[in-house]
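Commentary on secondary and tertiary structure
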Amino acid sequence: MRVYLLPGVGCDERLFQRLRLEGHAVVPLAWPAFEANDSLAGIARRLRPQVREAEPHVLVGVSMGGMVAQELALLTRPRMVVLISSWTGPGEWPMFVRISARLGLHRVIRAWSMRAVWPLKRLLDPRERTIDELLFAMARAQSARQIRRGTGAIMRWQGSRWDGPMVRIHGDRDRVTPLRFPVDHLVPGGQHIMVLTRAGQVSAILNEVLAE
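Residues numbered from 1 in each chain as written. Predicted model: local features only at pLDDT ≥ 70, side-chain atom pairs only at ≥ 80, totals over all residues. Heavy atoms only, no water.

**Section: the packing of aromatic side chains**
Given two aromatic rings, one states the distance between the centres and the angle between the planes to describe the pair. Test applied: Working definition: a ring pair exists when centres of Phe, Tyr or Trp rings (six-membered ring for Trp) sit within 6.5 Å. Plane angles under 30 degrees give stacked, over 60 give edge-to-face, the rest tilted. Each residue's exposure class comes from its accessible area (1.4 Å probe, protein chains only) as a fraction of the maximum for that residue type: buried when under 20%, exposed when over 50%, partly exposed otherwise. Strands are runs of DSSP state E lasting at least two residues, helices are runs of H or I lasting at least four, and both sets are numbered from the N terminus onward.
The final tally for this structure, using the stated rule, is 3 aromatic pairs. Relative to Trp 93, the ring of Trp 87 lies with its centre 6.2 Å away and its plane at 50°, an arrangement referred to as tilted. Trp 93 gets classed as buried once you look at its relative accessible area, which sits at 9%. For the pair Trp 118 and Phe 136, a centre-to-centre distance of 4.9 Å together with 55° between the ring planes defines the contact as tilted. Remark: Phe 136 occurs in helix H5 (residues 129-142) and Trp 118 occurs in helix H4 (residues 111-124); sequence separation between them is 18 residues.

Next up, the structure:
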């Protein structure tokens, strides 16, 4: 089974460096350049050539990656979609995201604002120093423009149309996508970036899911 991994906005394949998936061909997908007024469906279409869709495969997405995975699944028809710390649509958004979408606050994402807001993100989602440095390095490599356009695509998303098999893994301490909906596997103490902070637990769940 080929397992395609889709990272969150502002992240790349390094997000998955602590996961250990056994007996599978694991392929991290690389984000294309996001366009102005892009959509998650448009991003999925440009990701499609990276997937060997004729072969049995699973799509695993974290945060925005999970949302794009649901759009990509409509094109490649995987055996399963696995969402980690992600949403299926605006109906699951907390109030602060609804307000941000209405006001278009993603437009203020710039290199200077990323640096200014980063200490606040550490307070909202505490993590060890090495993980924080990795996240900031990935965000800088992706660029403020890429993050701004990706976040805008999330804010314009109407929700998932994928009706195939789907498994949801979520942490009970996720403050970015707060747990307000049913999930299949709950990670105690799991934060939004639990693929890094709870990699052992997440790996065990993924291996169990993929073995079914």
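**Things to note about helix H1 (residues 40-47)**
Side chains that are three or four residues apart share a direction in an α-helix, a result of its 3.6 residues per turn. Short version of the rule: By the convention used here, residues are in contact when the closest approach between their heavy atoms is within 4.5 Å.
Among the residues making up H1, those that are buried are Leu 40, Gly 42, Ile 43, Ala 44 and Leu 47. In this structure, the buried residues of H1 make contact with strand E1 (2-6), helix H2 (64-76) and helix H6 (144-156).

**A closer look at the nonpolar core**
Operational definition: To qualify as a nonpolar core, a set must consist of buried Ala, Val, Leu, Ile, Met, Phe, Trp, Tyr and Cys residues joined through side-chain atoms within 4.5 Å.
Core analysis: the largest hydrophobic core is formed by 36 residues, its most contacted members being Leu 15, Val 60, Val 82, Ile 84, Leu 135, Ile 169 and Leu 206. With sequence-adjacent residues up to four places away left out, Val 60 is seen in contact with Val 3, Tyr 4, Leu 5, Leu 6, Val 82, Ile 84 and Leu 206. Tyr 4, Val 27, Ala 69 and Leu 83 belong to the second-largest nonpolar core, a separate cluster that totals 29 residues.

**Topic: the side chain of Arg 2**
Considering the arrangement of structural elements, one finds Arg 2 in strand E1. Since its relative accessible area comes to 18%, Arg 2 is described here as buried. Among residues more than four places away in sequence, those in contact with Arg 2 are Ala 25, Val 27, Arg 52, Glu 55, Pro 56, His 57 and Val 58.

**Concerning the pattern of salt bridges**
Oppositely charged side chains are able to pair whenever their charged atoms sit close together. Keep this limit in mind: By convention in these notes, a salt bridge is any Lys or Arg side-chain nitrogen within 4 Å of a carboxyl oxygen on Asp or Glu.
Applying the stated criterion to the full structure yields 11 salt bridges. For Arg 52, the salt bridge goes to Glu 55, with nearest N and O atoms at 3.7 Å. A residue is classified by how much of its surface remains accessible, and Arg 52, at 47% relative accessible area, is partly exposed. Residue Glu 92 pairs with Arg 168 through a salt bridge whose shortest N-O separation is 2.8 Å. You can see Glu 92 sitting in the loop between strand E4 (80-84) and helix H3 (95-103) and its partner Arg 168 sitting in strand E5 (residues 166-171), a full 76 residues away along the chain.

**Focus: the sheet that holds strand E6 (residues 185-187)**
Spelled out, the test is: Strand pairing is assigned whenever DSSP identifies at least 2 bridges connecting the two strands. Axis lines are fitted through C-alpha atoms, for helices just across the contact stretch, and the angle between N-to-C directions can take any value from 0 to 180 degrees.
Read across the sheet, 6 strands follow the order E2-E1-E3-E4-E5-E6 without closing on themselves; strand pairing throughout is parallel. If you trace the sheet from one side to the other, it starts and ends with strand E2 (25-28) and E6, each paired once. Across this sheet, the average inter-strand angle for adjacent strands is 20°, counted without regard to direction. When E1 meets E2, the two strands line up parallel, connected through 4 bridges. Bridged to Leu 5 within E2 is Pro 28. Across the sheet, H2 is in contact with E1, strand E3 (57-62), E4 and E5; its angle to E3 comes to roughly 155°.

**Here we look at the layout of surface pockets**
This is how it is decided: Here a cavity means grid points, on a 1 Å grid over the protein atoms only, where a 1.4 Å probe fits yet cannot get out; a pocket means an open set of points with protein on both sides within 12 Å along at least five of seven lines; lining residues are those with an atom within 4 Å of a point. Grid points are joined across faces, edges and corners, and a volume is the space filled by probe spheres set on the points. Each residue gets one of three labels, nonpolar for Ala, Val, Leu, Ile, Met, Phe, Trp, Tyr, Cys and Pro, charged for Asp, Glu, Lys and Arg, and polar for the others, Gly among them.
When its volume is computed, the largest pocket comes out at roughly 1200 Å³. Around the largest pocket, the lining comprises 36 residues; the ones closest to its centre are Val 9, Ile 109, Lys 121, Thr 151 and Val 176. Elements supplying a minimum of two residues to the lining of the largest pocket: H3, H4, H5 and H6. Sorting elements by how many residues they give to the lining of the largest pocket places H4 first, with 7 residues. Within the lining of the largest pocket, the residues separate by chemical class into 23 nonpolar, 9 polar and 4 charged.

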